[in-house]
Each structure stands twice: as C-alpha cells, then as structure tokens.
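# Coordinates in review
Single-letter residue listing:
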Amino acid sequence: PRVKRSDAVKNGHFSKVVLTIYEKYPAELFLYFSKQKHMVDKFCKNVNNVFVIELLFKFIDSLASHAWLVEEKLMLKLVGLLSEEHDEETIENAVRTMEIVCNICAFCPFSVLVSQILESEEFTEKLLAFMIKEGDDRDFRIEQGLGIVIQVLNLLHKDSYSFTEYDFLESENGESGE
C-alpha cells in the first residue's frame, strides 16, 4: 500500500528530528533503537521513505551497529522484499538500500555485516531466485539483482586489497613508484 502524502510528511519531520538528535547523541540513540523490538523490520517496512532509510544509513555508518544489524538480519529482510508481493517501487528501493549498505560497508571490510553479506547462503539463494524467476518482468529483476551483485563484488574487491599495496605502485627496487 502506498503511503499517504500526509503520512510521508509526518515521517519526514519525525525522521529529521531523530537525525538531529542522532547528530548530538549517536551512542544513546543507537542504544535506544537497538533495544526496541522489531526496529529493523520497521526500517524495512519503510524502505520507500527516504528519511527513514537515511537514519538506517547513519546507523550503518557506525561500526558499532553492525552486530545488531546482523543479529536482526537486516540484509536478509531487505532481500526478502524482492518478491511478487511488493510493487516495483518497493523492490527498486530495497535494491538501492542494499547497494548503499554495501557501499558504506566497503570502508569496513572486516565488519560482521560484510561477512553476513558475503557468506550468507540464504541471502544469495533469495537474490538468485528473484533474478532467475520466469515472467514478463524478468529483465527488470535481472537488472535489479545485478546492481546488488556488482556491489557485493565491490565488497570482495575492497576486502582483497585492504591493508595491502597495489603491485603497480612499487618500482622494481621496492620503493613507491611516484
């Protein structure tokens, strides 16, 4: 169901207030949200609300939240939105959210959230099932799924080169090739 304009405005105002509080008291607000039941479910339910998802991205930008997000199965819940039960807008927003989560996580390759993305068979199976299902919208599903696959591959790339130097930056004598 579509969100009424008045609800979207209220959500936007609420989210801006919460984001302002987060800027001043991030640890306290994270602690509060992490103790609320089904908070990640609520984030996923509101995947079409840019203000709510912006708050989720703030949490993801803090390594301290990653264990909680894994425990609450954020990525599995987001990939679960890729189904016939949801309209194209919801699917597109779930995909964009997963892509941005991967982008944010690229800067912390040893995070448990990154491990969940890279190692979860359930995540991979749900994504592939969504992509390869026959139907009139198969091209749309493949396009959306490939966006996520590309971001996951970027996580692998970041992980493999973290804390190492690129070979082409060194000269033959081992010094920097500047």
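On a predicted model such as this, the values are computed, not experimentally measured, just so you know.

## A word on the packing of helix H7 (residues 88-105) against helix H8 (residues 112-119)
The interhelical angle for the contact between H7 and H8, taken along N-to-C directions, is 125°, at an axis separation of 10 Å. The angle between the axes of H7 and H8 places the two elements in the oblique class. As for the relative orientation of H7 and H8, their crossing is left-handed in sense. On H8, the residues touching Val-101, Cys-102 and Cys-105 of H7 are Leu-113, Val-114 and Ile-117.

## Describing a negative patch on the surface
Side chains of Asp-87, Glu-88, Glu-92, Asp-139 and Glu-143 sit close together on the surface and give a patch of like negative charge. Of all the elements in the fold, those that place two or more residues in the negative patch are H7 and helix H10 (138-161). Under the relative-accessibility criterion, Asp-87 is labelled partly exposed at 38%.

## Comments concerning a nonpolar patch on the surface
Taken together, the side chains of Val-17, Ile-21 and Tyr-25 present a nonpolar region at the surface, about 290 Å² in accessible area. The exposure class assigned to Ile-21 is partly exposed, which follows from its relative accessible area of 39%.

## What to know about the confidence of the model for the chain
Across the chain, pLDDT averages 85, with 85% of residues at or above 70. With pLDDT under 50 throughout, residues 160-171 is counted as low confidence; its partners more than four residues away or in other chains account for 12 contacts.

## Looking at H8
Looking at H8, one finds that the buried residues are Leu-113, Val-114, Gln-116 and Ile-117. Axial view of H8: buried residues confined to an arc of 160°, hence all on one face. Near the N-terminus of H8, the side chain that reaches the backbone nitrogen of Leu-113, with its oxygen 3.0 Å away, is that of Ser-111.

## Comments concerning the nonpolar core
If you look at the biggest cluster of nonpolar residues, it comprises 47 residues, and the most contacted ones within it are Ile-60, Leu-82, Met-98 and Phe-123. Take this core: its biggest share by element is eight residues, from H7. Apart from residues no more than four positions distant in its own chain, Phe-123 is found in contact with Met-75, Leu-76, Val-79, Met-98, Ile-117, Ile-148 and Val-152.

## Looking at the environment of Glu-54
Positionally, Glu-54 belongs in helix H4 (residues 50-60). Judged by relative accessible area, Glu-54 falls into the partly exposed class, the value being 35%. With 43 residues separating them along the chain, Glu-54 and Thr-97 place their C-alpha atoms 9.5 Å apart.

## Here's the deal with helix H9 (residues 121-132)
Its 12 residues give H9 an end-to-end C-alpha distance of 16 Å, which sits within 8% of 16 Å, the value for a rise of 1.5 Å per residue. Within H9, burial applies to Phe-123, Leu-127, Phe-130 and Met-131. Seen end-on, H9 carries its buried residues on one side only, within an arc spanning 100°. The outward face of H9, more than 90 degrees from its buried face, is lined by the exposed residues Glu-121, Glu-125 and Ile-132.

## Some words on the state of the cysteines
One pass over the full model with this rule turns up zero disulfides. Of all cysteine sulfurs in the structure, the one in Cys-105 sits closest to Cys-108, which takes part in no disulfide; the separation is 4.9 Å. The exposure class assigned to Cys-108 is buried, which follows from its relative accessible area of 14%.

Thresholds applied
Residues numbered from 1 in each chain as written. Predicted model: local features only at pLDDT ≥ 70, side-chain atom pairs only at ≥ 80, totals over all residues. Heavy atoms only, no water. Axes fitted to C-alpha atoms, helices over the stretch in contact; angles between N-to-C directions. Helix = DSSP H or I, 4+ residues; strand = E, 2+ residues; numbered from the N terminus. Parallel < 35°, antiparallel > 145°, perpendicular 65-115°, else oblique. Left-handed = near helix turned anticlockwise from the far one by under 90°. Contact = heavy atoms within 4.5 Å. Patch = residues over 30% accessible without salt bridge, like charges linked within 9 Å, V, L, I, M, F, W, Y side chains within 5 Å. Areas by Shrake-Rupley, 256 points an atom, 1.4 Å probe, with all protein chains shown as cover. Salt bridge = Lys/Arg side-chain N within 4 Å of Asp/Glu carboxyl O. Lys, Arg positive; Asp, Glu negative; His and termini not counted. Charge placed at Lys NZ, Arg CZ, Asp CG, Glu CD. Buried < 20%, exposed > 50% of the residue type's maximum accessible area, 1.4 Å probe, protein only. pLDDT = per-residue confidence, 0-100. Arc of directions from axis to C-beta. Polar contact = N/O pair within 3.5 Å; in protein donor to acceptor, adjacent residues only side chain to side chain. Core = buried A, V, L, I, M, F, W, Y, C linked by side-chain atoms within 4.5 Å. Expected span 1.5 Å × (residues − 1). Disulfide = S-S within 2.5 Å.

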